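An overview of the molecular structure
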Amino acid sequence: QVQLVESEGGLVQYGGSLRLSCAASVSMSNINSMGWYRQAPGKERELVAVITSSGSTNYADSVKGRFTISRDNAKNTVYLQMNSLKPEDTAVYYCNARTTTLSREYEFWGQGTQVTVSS
């Protein structure tokens, strides 16, 4: 079982920046990948960014060049630095972790944190 605790989001103006953090209850060495997803009202949850145990990253096209995912293994924490925010980035952001135990993959979610970008 992995518990994920996200930092608070917030209200940011257009063009502003915000950093989210997600602390895992287990060592990062036990986690295959961690990522951020978001869900806007009336829309499906979508991948924002993911970072694997090897450090590889992947981003949604809509955030490339603006968002950066990183991790601090010593703190078992993943960060999402969001710059040049746009109103369309407004959503509930969820932290995600995937692990493998006895060849079975498990997925865990944080509680979600609201990010609102005003125009």
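In this text the structure is predicted, and so the values were computed from the model without any measurement. (Residues numbered from 1 in each chain as written. Predicted model: local features only at pLDDT ≥ 70, side-chain atom pairs only at ≥ 80, totals over all residues. Heavy atoms only, no water.)

A few words on the environment of Thr52. As for its position among the elements, Thr52 is in strand S5 (residues 46-52). Residues Thr52 and Ile31, 21 residues apart in the sequence, show an inter-C-alpha distance of 8.3 Å. Once residues within four sequence positions are removed from consideration, Thr52 is found in contact with Asn32, Ser33 and Arg71. Only 2.9 Å separates the side chain of Thr52 from the side chain of Ser54, close enough to count as a polar contact. (Helix = DSSP H or I, 4+ residues; strand = E, 2+ residues; numbered from the N terminus. Contact = heavy atoms within 4.5 Å. Polar contact = N/O pair within 3.5 Å; in protein donor to acceptor, adjacent residues only side chain to side chain.)

So, on to the nonpolar core. Burial of nonpolar side chains together is a common tendency in soluble globular proteins. If you look at the biggest cluster of nonpolar residues, it comprises 31 residues, and the most contacted ones within it are Leu4, Met34, Trp36, Leu80, Met82 and Tyr93. Setting aside chain neighbours within four positions, we find Leu80 in contact with Leu18, Arg19, Leu20, Trp36, Val48, Ala49, Phe67, Thr68, Ile69 and Tyr93. (Core = buried A, V, L, I, M, F, W, Y, C linked by side-chain atoms within 4.5 Å. Buried < 20%, exposed > 50% of the residue type's maximum accessible area, 1.4 Å probe, protein only.)

What follows covers unusual backbone geometry. The phi dihedral of Ser84 is positive, around 50 degrees, even though this residue is not glycine. Relative to the elements of secondary structure, Ser84 occurs in the loop between strand S8 (77-82) and strand S9 (91-101). Accessibility expressed as a relative area gives 40% for Ser84, which makes it partly exposed. One non-glycine residue, Ser103, adopts positive backbone phi at about 70 degrees. Examined against the element boundaries, Ser103 turns out to sit in the loop between S9 and strand S10 (104-109). Since its relative accessible area comes to 75%, Ser103 is described here as exposed.

A few words now on empty space enclosed by the protein. Per the counting criterion, the structure on display carries 1 cavity of 30 Å³ or more. Of the voids in this model, the largest cavity is the one considered here, and its volume is about 40 Å³. Considering the residues around the largest cavity, the lining is formed by Met28, Ile31, Asn32, Ser33, Met34, Ile51, Thr52, Ser53 and Arg71. Going through the elements one at a time, strand S4 (33-39) and S5 are the ones with two or more residues in the lining of the largest cavity. Of the residues contributing to the lining of the largest cavity, the split by class is 4 nonpolar, 4 polar and 1 charged. (1 Å grid on protein atoms, 1.4 Å probe; cavity = no way out; pocket = protein on both sides within 12 Å on 5 of 7 lines; lining within 4 Å. Points joined across faces, edges and corners; volume = space filled by probe spheres on them. Nonpolar A, V, L, I, M, F, W, Y, C, P; charged D, E, K, R; others polar.)

On to the sheet that holds S8. With antiparallel pairing, the 4 strands of this open sheet are ordered in space as S1-S3-S8-S7. Every interior strand has two partners, whereas the edge strands, strand S1 (4-6) and strand S7 (67-72), have only one. This sheet shows a mean twist of 20 degrees between the axes of neighbouring strands, independent of strand direction. Of the strand pairs in this sheet, S7 and S8 are connected by 6 bridges, and their pairing is antiparallel. Bridge pairing links Phe67 to Met82 in S8. (Pairing = 2+ DSSP bridges. Axes fitted to C-alpha atoms, helices over the stretch in contact; angles between N-to-C directions.)

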